[in-house]
Amino acid sequence: MTFDALWDSILTVGRAPATGGYRRFAWNDADLTLREWFDSCAAERGMTVEEDRNGNLWAWWLPPGWSGDPADAFVTGSHLDSVPDGGAYDGPLGVVSAFAAVDEVRARGVVPRRPVAVTAFSDEEGARFGVACVGSQLSTGALAPERALGLRDADGVSLAEAMTKAGRDPRHLGPDPHLTDRVGVYVELHVEQGRALDLVDRPLALASSIWPHGRWLFTFTGEANHAGATRLVDRRDPMLAFASSVHSARHAAELHEAVATFGKIRVLPNGANAIPSEVLAWLDARAADENTLGRLVERIGAEARDHAACDGVGLRIEAESVTPIVEFPAGPRDRIARALGGLGDVPVLPTAAGHDAGILSAVLPTAMLFVRNPTGISHSPAEFAAPDDCRTGASALADVMADWITTPENT
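Per chain, residues are indexed from 1 in the order of the written sequence. For a predicted model such as this one, the threshold for reporting local features is a pLDDT of at least 70, and the threshold for listing and counting side-chain atom pairs is 80 or more; totals across whole chains, interfaces and linings nevertheless cover every residue. To get the side-chain values, take all heavy atoms of the structure and skip hydrogens and water.

Caption draft 1: The arrangement of the state of the cysteines in detail. To count as a disulfide, a pair of cysteine sulfur atoms needs to be within 2.5 Å. Tallied over the full model, the rule gives 0 disulfides. In this structure Cys390 is not part of a disulfide, and its nearest cysteine sulfur, from Cys41, lies 16 Å away.

What follows is the structure, encoded as structure tokens:
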């Protein structure tokens, strides 16, 4: 099956007609449909499918005569879930390209000397339960299973309950004891989130690093009251402190040459004629290095506390997840560059977006390929990659795969 046919086969799954964006959240109906699609893609290729203890999917292509468990495998893939009303490319492009690369490598007559796996990691975006890269974090031990099981969505449904409803047993969540033995390298292809490649007119890039980043929950607590009958001087309105903090965060990010975003809030009691009693706001902050990120978040927090004190409301700040900087190793990156020599100069760029490859880099050799996004827009229905660039990416991944699986030992 060609890249185009694979891509077209999932375009309607989880798409919201009103917005054109995708709502593929962990363990919802769209996610389960995509898991079935993954199974069918693997079956069509004679690949054995495994869903591990953390809900991550693995489709295995083993060398002729291979016996025993997979080891030192070339692994590639991404994720299938989305942010609310996200674009089509973030995540699925890597999984579709991985299956297309397997097809191309086989069409070339390449006989693997080491196992290959196509993967789809579970709940990378964290859109439903608030923590990103749940599947890869659990597998590497970065996320404790006790904490993961207690995560709840906006409707109060826990991750444990959602998995149970989907027919999975959440009691087995935890570190994957076979991860480092089975995987020799993980190469993730992803749509670019930004437009650096468009500015240099190149279809592909290699990743050098991932900026450190995290999510912090700011809880502003005031007093619910009547929106009409309560004098302004008598109000303890947490919305005011929150709104001021949004502006302060933008200014702080500019000063630190970083980014900071309050993109998700929950207001209680959320009535049009009621002064809020509480505003829960999630800060996403990212910077080029960990010291800068620390100073940025410290400043945003201090200014938010000043705003809260001025408006007579309380404030609690909790770090929900913090990911250190990821420096992708030069060895895999240089080897990939050599395998892609026919494409000419392949730029090497940092990214401010988090990925499963970044989580896995703590325990495995990892690398990333980016496919040009001419609009620079991501996490939006307007996210885009040209079909020719997507095909170039899948073919480049096939070149990398063929190089890796025909060499007896990694170099």
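Picking up where we left off.
Caption draft 2: Up close: the pairing of strand β11 (residues 278–286). Accessibility here uses a 1.4 Å probe with only protein chains present; expressed as a share of the type maximum, an area under 20% marks a residue as buried, one over 50% as exposed, and anything in between as partly exposed. Strands here mean DSSP runs of E at least two residues long; helices mean DSSP runs of H or I at least four residues long; both are numbered from the N terminus. Burial within β11 is extensive, with 8 of its 9 residues counted as buried. Bridge analysis of strand β7 (residues 213–221) against β11 gives 9 bridges, and the strand direction is antiparallel. Paired with His213 across the two strands is Arg286, which belongs to β11. Note: strand β9 (residues 259–268) against β11, 9 bridges, orientation antiparallel. Pairing of Leu268 across the sheet is with Glu278, part of β11. Two strands pair under a simple rule: DSSP has to find at least two bridges between them.

Caption draft 3: Up close: the pattern of salt bridges. For this document, the term salt bridge refers to a Lys or Arg side-chain nitrogen within 4 Å of an Asp or Glu carboxyl oxygen. In this structure the tally under the stated criterion is 25 salt bridges. When the shortest N-O distance is used, the salt bridge between Arg108 and Asp399 registers 2.7 Å. Of this pair, Arg108 sits in the loop between α3 (92–107) and β4 (116–121) while Asp399 sits in helix α13 (residues 387–405); the two residues are 291 residues apart in sequence, bridging distant segments of the chain. For Arg108, a relative accessible area of 39% puts it in the partly exposed group.

Caption draft 4: Expanded view of unusual backbone geometry. Between Leu268 and the following residue, Pro269, the backbone shows a cis peptide bond with an omega angle of 0 degrees. For Pro269, the position within the fold is in the loop between β9 and β10 (274–275). Residue Asp72 is not a glycine yet carries a positive backbone phi of 50 degrees. Position of Asp72 relative to the elements: it lies in the loop between β2 (57–61) and β3 (73–79). Backbone geometry places Asp123, a non-glycine residue, at a positive phi of 50 degrees. With respect to the element layout, Asp123 can be found in the loop between β4 and α4 (134–140). Residue class for Asp123 comes out buried when judged on its relative accessible area of 4%.

Caption draft 5: Looking closely at helix α10 (residues 290–310). Expected span, for any helix, means 1.5 Å times one less than how many residues it has. Across its 21 residues, α10 extends 30 Å between first and last C-alpha, which sits within 8% of the 30 Å expected from 1.5 Å per residue. Buried within α10 we find Thr292, Leu293, Leu296, Val297, Ile300, Gly301, Glu303, Ala304 and Ala308. For α10, the secondary structure elements touched by its buried residues are β7, α9 (238–255), β9, β11 and β12 (314–323). Two N or O atoms count as a polar contact when they lie within 3.5 Å, although within protein this holds only if one can serve as hydrogen donor and the other as acceptor, and sequence-adjacent residues are included solely when both atoms are side-chain atoms. Of the residues that open α10, the one with a side-chain oxygen 3.2 Å from the backbone nitrogen of Asn291 is Asp289. Whether two residues are in contact is decided by their heavy atoms: any pair within 4.5 Å suffices.

Caption draft 6: Structural detail: the nonpolar core. Take the buried residues of types Ala, Val, Leu, Ile, Met, Phe, Trp, Tyr and Cys, join any two whose side-chain atoms come within 4.5 Å, and each joined set is a nonpolar core. Of all hydrophobic cores here, the largest spans 56 residues; its most connected members are Trp37, Phe38, Leu93, Phe99, Ile336 and Met401. Here Trp37 is in contact with Leu6, Ser9, Ile10, Leu80, Val95, Val96 and Phe99, once residues within four sequence places are set aside. Counting residues in each nonpolar core, the second largest holds 24 residues, with Phe218, Ala258, Phe262 and Val313 among its members.

Caption draft 7: Structural context of the side chain of Arg114. Structurally, Arg114 can be placed in the loop between α3 and β4. Judged by its relative accessible area of 3%, Arg114 falls in the buried class. A polar atom in the side chain of Arg114 sits 2.4 Å from the side chain of Asp72. At 2.8 Å, the side chain of Arg114 and the backbone oxygen of Trp404 are in polar contact.

Caption draft 8: Highlighting the packing of aromatic side chains. Within 6.5 Å between ring centres, the rings of Phe, Tyr and Trp (the latter by its six-membered ring) count as paired, and their orientation is classed by plane angle as stacked under 30 degrees, edge-to-face over 60, tilted in between. For the structure on display, the rule yields 13 aromatic pairs. Here Phe218 and Phe262 contribute two aromatic rings whose centre-to-centre distance is 5.3 Å and whose plane-to-plane angle is 90 degrees, an arrangement assigned as edge-to-face. Note that Phe218 is positioned in strand β7 and Phe262 in strand β9, a separation of 44 residues in sequence. For the pair shown, Phe218 and Phe262 are each scored as buried. By way of ring pairs, the aromatic residues Phe3, Trp7, Tyr89 and Phe384 are connected into one cluster. The rule for a charge over a ring is simple: NZ of Lys or CZ of Arg within 6 Å of the ring centre, and within 35 degrees of the ring normal. The ring of Trp282 has Lys264 sitting right over it, with the charged end atom 4.5 Å from the ring centre.

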